[in-house]
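Architecture at a glance
Here is how the chains run, residue by residue.
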Amino acid sequence: MELSEVTYDDPDDESGEAAMRTYARRACELTGMDPEYGVPALATIALRESASNHPRWRVNTNDSNAHGPVVADGHPQNCSRGATQCIPPTFAAYHQEGTATTPYDVVACMCATINYVRARYGVNQSGSNFAERVQQADPDRPPKGY
């Protein structure tokens, strides 16, 4: 997907750990990842990155990515967004066909995250090495951006 196709509407998806697990299960279905590995990894990332999609933390305007032209949601284009905090260029590059075009959509954001960690960190198809390869996805290690 092209960066120009990314939209910035927030569907106001649910927040909280139970909701993140439900959305993660759907993202695993769409990307072919085993939910046994993908669900806990994605739920951990969402907890650490956005307090499990809490409305206050759906966009990060304070980190090094927070630059670029202001877009439709009123924030700089490269701000991290959504439950797993994808920046729009990464979201576009790893977008899962058939999902929403906004990183605020939890399933679309999680799918892009799965596709990204597979390419960037060598997470395998099943996801059995997800937490091993991506520290931010491992609840037994301290948080670390990904």
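Residues numbered from 1 in each chain as written. Predicted model: local features only at pLDDT ≥ 70, side-chain atom pairs only at ≥ 80, totals over all residues. Heavy atoms only, no water.

**Brief notes about the side chain of R58**
Note that R58 resides in the loop between α2 (35-50) and β1 (59-60). A polar contact is formed between the side chain of R58 and the side chain of D12, at a distance of 3.1 Å. (Helix = DSSP H or I, 4+ residues; strand = E, 2+ residues; numbered from the N terminus. Polar contact = N/O pair within 3.5 Å; in protein donor to acceptor, adjacent residues only side chain to side chain.)

**So, helix α1 (residues 17-31)**
Here α1 spans 21 Å end to end across 15 residues, near enough to the 21 Å set by a 1.5 Å rise per residue. When we look at burial in α1, the residues that qualify are A19, M20, Y23, A24, A27, C28 and T31. In this structure, the buried residues of α1 make contact with α2 and α4 (106-121). At the exit of α1 stands G32, carrying a positive phi of roughly 80 degrees. (Expected span 1.5 Å × (residues − 1). Buried < 20%, exposed > 50% of the residue type's maximum accessible area, 1.4 Å probe, protein only. Contact = heavy atoms within 4.5 Å.)

**Observations concerning the environment of S80**
Relative to the elements of secondary structure, S80 occurs in strand β2 (residues 80-81). Assessed through its relative accessible area of 5%, S80 is described here as buried. Counting along the chain gives 11 residues from S80 to F91, while the straight-line C-alpha distance between them is 9.6 Å. What S80 contacts, discounting residues up to four positions off in sequence, is R58, V59, N60, D63, N65, Q85, C86 and I87. At 3.4 Å, the side chain of S80 forms a polar contact with the side chain of D63.

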